[in-house]
Amino acid sequence: MLYPGAGSDCRLAHDSMTTYHIPVYQPDLSGNEKRYVLECLDSTWISSKGRFISEFEGRFAEFAGVTYAVGVCNGTVALHLALVTLGIGPGDEVIVPSLTYIAAANAIAYTGATPVFVDSLPDTWQMDPADVRRKVTPRTKGIMAVHLYGHPCDMDALSAIASEHDVFLIEDCAEAFGSRYKGRHVGSFGDIAAFSFFGNKTITTGEGGMVVTNDKTLFERARHFKGQGLAAHREYWHDVIGYNYRLTNICAAIGLAQLERADEFIAKKRQLAKIYREQLADLPVEVHGEFGEVTHSYWMISILVKKAAERDPLRAHLAKSGIETRPLFYPAHTMPMYAARYQRHPHAEDIAWRGINLPSWPGLTLKQVKDIVSAIHDFFSQAGKTA
Ligand SMILES: *Cc1c(COP(=O)(O)O)cnc(C)c1O
């Protein structure tokens, strides 16, 4: 491992060397997933053609309240495709929060554009619109709003800045399936948005992603770039350098089955967050909550300890009890490839060093939550005795 935490977002419990009784995440595949996948195998439609792809795209668009959806093979390429679709490239700048999963910044870098980092708000943990405003330059081509851990960004403020400066607004909704801002699902506020269906996301296809938009031209461009830039009216004729970012019918089959249970998953995660909040209320930890007129989908239910120095001992204590947790993401501006320029983003750093993601999967039982909560209580009562 090169630096601490590298790759921690993308590791499911069964890949890890430690055995945890309670993993931080685990997909629930107990609906129609197996039946639909068997249908792919029996019919031999296992590649990127088949009925599940268009059905998944259609149902997904409906769920997210958008007009168009394009299925792709993961969330990182969904972001890259969104940026390419907007024509973002070398010489451009895209404003992005430093406190995010690394794929958001990397997708910008893949296009040859420069990610310009902004700080986070201390309450919502989302990108600070005032800092966005300060970072706009004549080279700014877009603002990438990442709805981190499932709490929506301040979309009124970000939309206003984007239209004032005539720049694109891109939404990274990888962690925000089921999240709403003023009653509307995220992903429809900007010009274009990306979702991820990695194994630990709120709905999963194993690996998969979606690009969504309400703009027909952007939809057609995204579909064009996704499928090798194939021209519409001539076979094997390509008029742009495209990509193979296609989703398979098998993944779409799993996705469709997951979508059927989306409301159930989201309700369960919100209930878990409520229980954690109630049962940790008497401890010196802060459970990430909802601020403003939003619905937090709690992709990862997260807490902040008071002092950064308590964070890793608490995680170690939980690990000893067989409970897997995660540190929050390291701010991107602290990583070697983005740290060349001296930058400080004090809120992003403070939140990152004090934050922990707790087990957040919908199948978690009340008994398991009780065990997690009592292990946290145990940590603080021991700390009280030794202090
Ligand atoms: C998971 C995630 C991605 C990338 O999705 P993959 O499907 O893992 O490629 C991008 N952005 C954020 C904020 C994520 O959490």
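The coordinates are above.
Residues numbered from 1 in each chain as written. Predicted model: local features only at pLDDT ≥ 70, side-chain atom pairs only at ≥ 80, totals over all residues. Heavy atoms only, no water.

Novice: Explain the sheet that holds strand β6 (residues 180-181) here, please?
Specialist: Neighbouring strands of a sheet are bound in pairs by backbone hydrogen bonds; such pairs are parallel or else antiparallel. Within the open sheet, the three strands sit side by side as β7-β6-β11. Their pairing is antiparallel. Two strands bound the open sheet, and with one partner strand each, they are β7 (184-185) and β11 (294-295). As paired elements, β6 and β7 share two bridges and run antiparallel to each other. The residue bridging Tyr181 from the neighbouring strand is Arg184, located in β7. (Pairing = 2+ DSSP bridges. Helix = DSSP H or I, 4+ residues; strand = E, 2+ residues; numbered from the N terminus.)

Novice: For this particular structure, what's the right way to read the packing of aromatic side chains?
Specialist: What describes a pair of aromatic rings is the distance from one ring centre to the other and the angle between the planes of the rings. Applying the stated criterion across every chain, the model contains 17 aromatic pairs. Arranged with centres 5.3 Å apart and planes meeting at 55°, the rings of Phe56 and Phe197 form a pair that is tilted. With a gap of 141 residues between them, Phe56 in helix α2 (residues 51-64) and Phe197 in the loop between β8 (192-196) and β9 (209-213) connect regions that are remote in the sequence. Overall, Phe197 belongs to the buried group, its relative accessible area being 1%. Measuring from centroid to centroid gives 4.9 Å for Tyr243 and Tyr245, while their planes differ by 15°, and the two rings are stacked. With relative accessibility at 23%, the residue Tyr243 sits in the partly exposed group. Of the residues examined, Tyr245 reaches a relative accessible area of 13% and is grouped as buried. Connected via pairs of aromatic rings, a cluster forms that spans Phe56, Phe60, Phe63, Phe177, Phe195 and Phe197. (Phe/Tyr/Trp six-rings, centres within 6.5 Å; stacked < 30°, edge-to-face > 60°. Buried < 20%, exposed > 50% of the residue type's maximum accessible area, 1.4 Å probe, protein only.)

Novice: Where do I start with the state of the cysteines in this structure?
Specialist: Here a disulfide denotes one covalent bond, and it connects the sulfur atoms of two cysteines. Taken as a whole and judged by the stated rule, the model has zero disulfides. Free of any disulfide, Cys173 has its nearest neighbouring cysteine sulfur in Cys153, separated by 8.8 Å. (Disulfide = S-S within 2.5 Å.)

Novice: Explain the site of the ligand here, please?
Specialist: As a structural note, the neighbourhood of the ligand is formed by 14 residues, with Thr76, Asp172, Glu175, Ser196 and Lys201 the closest of them. Between Thr76 and the ligand, the recorded distance is 2.5 Å, taken from a side-chain N or O atom to an oxygen atom. Considered on its own, the ligand offers 380 Å² of accessible surface; in the complex 97% of this is hidden by protein. Considering every element that reaches the shell around the ligand, the biggest residue donor is helix α3 (residues 75-85), with three residues. (Near = heavy atom within 4 Å. Polar contact = N/O pair within 3.5 Å; in protein donor to acceptor, adjacent residues only side chain to side chain. Areas by Shrake-Rupley, 256 points an atom, 1.4 Å probe, with all protein chains shown as cover.)

Novice: Help me understand the sheet that holds strand β3 (residues 114-118) in this model?
Specialist: The seven strands lie next to each other as β1-β9-β8-β5-β4-β2-β3, forming an open sheet whose pairing is mixed. The open sheet has two edge strands with one neighbour each: β1 (68-72) and β3. Pairs of neighbouring strands in the sheet enclose a mean axial angle of 25°, with direction left out of account. In the sheet, β8 pairs with β9 via four bridges, with the strands oriented antiparallel. (Axes fitted to C-alpha atoms, helices over the stretch in contact; angles between N-to-C directions.)

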